[in-house]
Amino acid sequence: MAADADVDAQVIALQCSMLPAFASLCSDIKASLSEWIEWRRLDEIHRAPLPGVYEDSEHMNSFRKLLLIKAFRPEKLIFMINQHVAGALGQEYVESPALDLGEAYGDSTACIPLIFILSVGADPYPMLMECAKQAGMEESTSMLSLGQGQGPVARRLIQKATKEGEWVFLQNCHLAASWMNDLERICESLTESEGKKERGSGFANFGQSEASDDSLTLPPHENFRLWLSSMPTKVFPVSVLQSSVKMTLEPPRGLRANLKRSYADIKPEFYESAERPRPWKKLLFGLAFFNAVIQERRKFGPIGWNVMYEFSDSDFATSVKTLRMLLDEQEDVPWPALQYLTAEVNYGGRVTDDWDRRLINNILHTYFQEAIVDDDGFRFSTSGKYFAPDDGPLEVAQAYINELPADEEPEVFGMHQNASLAYQAKETNRIVQTVIDVQPRTGTKGGGKTPEETVDQMAADFLEQLPAVLTNEGAHETTFVKGPDGALHSLSVVLIQEMERFNKLLTIVRDSLKDTKRAIAGMVVMSEALEGVFSSLFLNRVPGMWAAVGFLSMKPLGAWFKDLITRVDFLRTWITSGPPTSFWMSGLFFPQGFLTGVLQTFARKHQVAIDTLSFRFEVKNSTDPALVGDAPEEGVLVHGLFVDGAVWNYEEGVIDVSPPMKLYTSLPVVHFLPEADRTRNETDYACPLYKTAERYGVLSTTGQSTNFVLPVDLPSNREPSFWVLQGVALLTSLPH
């Protein structure tokens, strides 16, 4: 749910839009505030009538209701858009039709490529081979997965196929960016040859260094077809897209669809031939359910997985063979071997993030445990809807799968109900950004400002607010303290490094804003870099030039700029007033360096090896540093952290389940206390701390993501695995 301040801003913007429907919106809301609050809390707000007189207003329509939904509950916008489009254009415009590959093939010719536009988890190969079988081309179809060094092989396959009338399927074009120009020339040659009755002697050599016999037979044989597949990518040739038959391929959506696909590939004789039927059938279903869960968790974004892994059908097939082999060879079920081979090898080979590896092990342990075999009452989730069906033939399991709900609740994944809100908010943002991206950049005839006038005013406002660079002039006597050996205090070094980073950012921001204003005025050339700044300012996005030297952030431009000012003010106060009682670690470029400085300070003071130190954490009872007390003698107080997916229980001093519609909550001040050879409490939840809610980052030289800071041990009354499945994490910065 949007924050109250965001709702207020959206409501005011609607009233100022000069639409008659919203002329008195603010006063109407104030007059019946309780009714509007109740309406805002509805789960299916898009289906509910509007409060007060708005539902029956002559000025109200579906699109204006959509604007109200955007203001009050932006995460529900996707549902309202579907409702609006279905009402305005028809239901067929919001329902994806099933792909008929035979129809697509019928629309093609030998000179027109056919392209599968993929999404994660989609595999067109089985469907294509079925189409080839029906067309009598099964034995004349060649497949090649593109990648480094595969370009010459692809050329030879196409040359042979154009001559002999075969099919060629080039998979994963997005992985062969350097070969896309060659592909474009091939397709252009095919297009130019369309309509020619006489075969050419061959032209269109591909690649300057290749032999001249790599040529096409043009026009190609009438049975020739070029099939391509690619994820959405900027490197794919636009001309090929324009001249081809395009097909989108979505993977199965929902647990039921994934389970149906998994069981559709299992043969009855294989299913019934196990030496120990009960463990085999129970664990096979548990494995299929695990496969479906890890696929579907991706839709929840960073709460589901830090990295969006492309788990494939081969992972499941390999795990099924492993399960069958171990059960047939061992007298007892080898639980540790099954857990390790499945989670760490067969599926885990794709998992690159340490915290995702912890997650996949916890997910699998939910289904690979003795209770699934021994207890018929064992359930996979608290709802009781999901369980391994009774022992029986393959049809029994398939019938049970068909009876499962088409749409599942987050609880089946071990996640909080709020996870659905996070998913809906992500989809809404994606739709809104797409709408913004396709908007024209020219001015209107309605008397409003042109883009140039808008950006020029924004640049002037930013320049007026932009802080001066940081210097050590007027520094407090305790800010840059030197030790007995003449070396600066570790945190003083951290401060100097942060000053350098922020000064570099401030300089680039200031210079680019000035240059953009001069370019708009025609005083300098609008370079490509300045064009990027101009477009970003107009779209309320952080320019790439700033982000490249700036701190990690997901905030839009306005919030990012305010955050920059606040961060600089924090450092300036640190310089002029000395080290604060509590540090706003979230305001630093590199919080990892700050924490290393804290450990170094402790190590020097107590003459201990720094590699023996780690932090013990004590969560205080207030988010306000002023109410916590003086700075500690050892370690530091840190404030400004947020909990993503949980809430702090002040009465019990533990993390607790979030209230409905509350995605992020503030964590109280935390005492970071260095301790040598510390033994952690196994009942605590090792909660990963990230800089942003995106969680994903570039792999650094430390082996960790640049977005990851450290794990914070938080007391809990629940098993740590509960919070692992919920995807709970700490953040230094919110996305809004």
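Note that this is a predicted model, so its numbers are computed, not measured.

### Concerning the side chain of Gln592
Right, on to step 1. For Gln592, the position within the fold is in helix H25 (residues 591-606).
Right, on to step 2. On the accessibility criterion, Gln592 (15% relative accessible area) is buried.
Right, on to step 3. With residues up to four places along the chain from it excluded, the contact list for Gln592 reads Lys691, Thr706, Phe708 and Val709.

### Section: the packing of aromatic side chains
Right, on to step 1. Applying the stated rule across the entire model yields 43 aromatic pairs.
Right, on to step 2. Plain terms: the ring middles of Phe289 and Tyr367 are 5.4 Å apart, the flat faces sit at 65° to each other, and that makes the pair edge-to-face. You can see Phe289 sitting in helix H13 (residues 277-296) and its partner Tyr367 sitting in helix H16 (residues 354-367), a full 78 residues away along the chain. A single burial state applies to Phe289 and to Tyr367, both of which are buried.
Right, on to step 3. A ring pair is formed by Phe387 and Tyr400, whose centres lie 4.8 Å apart and whose planes are at 40°; its orientation type is tilted. Pair noted here: Phe387 is in the loop between helix H17 (370-374) and helix H18 (394-402) and Tyr400 is in helix H18, with a separation of 13 residues, a long-range link.
Right, on to step 4. You can call Tyr400 buried: its relative accessible area is 11%.
Right, on to step 5. Put simply, the rings of Tyr263, Tyr271, Phe285, Phe289, Tyr367, Phe378, Phe380, Tyr386, Phe387 and Tyr400 touch in pairs and so form one group of aromatic residues.
Right, on to step 6. Between Lys299 and the ring centre of Tyr423, over which it is positioned, the NZ or CZ distance is 5.9 Å.

### A few points about the pairing of strand S1 (residues 114-118)
Right, on to step 1. Burial runs high along S1: four of the five residues are buried.
Right, on to step 2. Pairing between S1 and strand S4 (residues 225-230): four bridges, direction parallel. Counted as the bridge partner of Leu114 is Trp227 from S4.

### Here we look at the nonpolar core
In globular proteins that are soluble, nonpolar side chains generally tend to be buried together.
Right, on to step 1. Counting residues in hydrophobic clusters, the biggest one holds 124 residues, and the most contacted among them are Tyr263, Leu283, Phe289, Phe594 and Phe672.
Right, on to step 2. No other element matches H13, which puts 11 residues into this core.
Right, on to step 3. If we skip the residues at most four places from it in the chain, Phe289 touches Leu255, Leu259, Tyr367, Phe380, Tyr386 and Val412.

### Here's the deal with the environment of Ser57
Right, on to step 1. Locating Ser57 in the fold gives a position in the loop between helix H3 (33-40) and helix H4 (62-72).
Right, on to step 2. In this structure Ser57 comes out as partly exposed when scored by relative accessible area, which is 22%.

### Things to note about the sheet that holds strand S7 (residues 613-619)
Right, on to step 1. Taken in spatial order, the four strands make up an open sheet running S6-S8-S13-S7, and their pairing is mixed. The open sheet terminates on both sides in strands that have one partner only, identified here as strand S6 (582-583) and S7.
Right, on to step 2. Across two bridges, the pairing between S6 and strand S8 (residues 636-638) is parallel. Paired with Phe583 across the strands is Val638, a residue of S8.
Right, on to step 3. H25 rests against S6, S7, S8 and strand S13 (670-676) of the sheet, and its axis sits at about 110° to S7.

### Regarding the sheet that holds strand S2 (residues 141-145)
Right, on to step 1. Spatially, the five strands line up as an open sheet ordered S2-S3-S4-S1-S5, and their pairing is parallel. Two strands bound the open sheet, and with one partner strand each, they are S2 and strand S5 (245-249). This sheet shows a mean twist of 15° between the axes of neighbouring strands, independent of strand direction.
Right, on to step 2. For S2 and strand S3 (residues 167-171), the ladder comprises five bridges, and the chain directions are parallel. Bridging across to S3, Ser145 finds its partner in Gln171.

Parameters and conventions
- Residues numbered from 1 in each chain as written.
- Predicted model: local features only at pLDDT ≥ 70, side-chain atom pairs only at ≥ 80, totals over all residues.
- Heavy atoms only, no water.
- Helix = DSSP H or I, 4+ residues; strand = E, 2+ residues; numbered from the N terminus.
- Buried < 20%, exposed > 50% of the residue type's maximum accessible area, 1.4 Å probe, protein only.
- Contact = heavy atoms within 4.5 Å.
- Phe/Tyr/Trp six-rings, centres within 6.5 Å; stacked < 30°, edge-to-face > 60°.
- Lys NZ or Arg CZ within 6 Å of the ring centre and 35° of its normal.
- Pairing = 2+ DSSP bridges.
- Core = buried A, V, L, I, M, F, W, Y, C linked by side-chain atoms within 4.5 Å.
- Axes fitted to C-alpha atoms, helices over the stretch in contact; angles between N-to-C directions.

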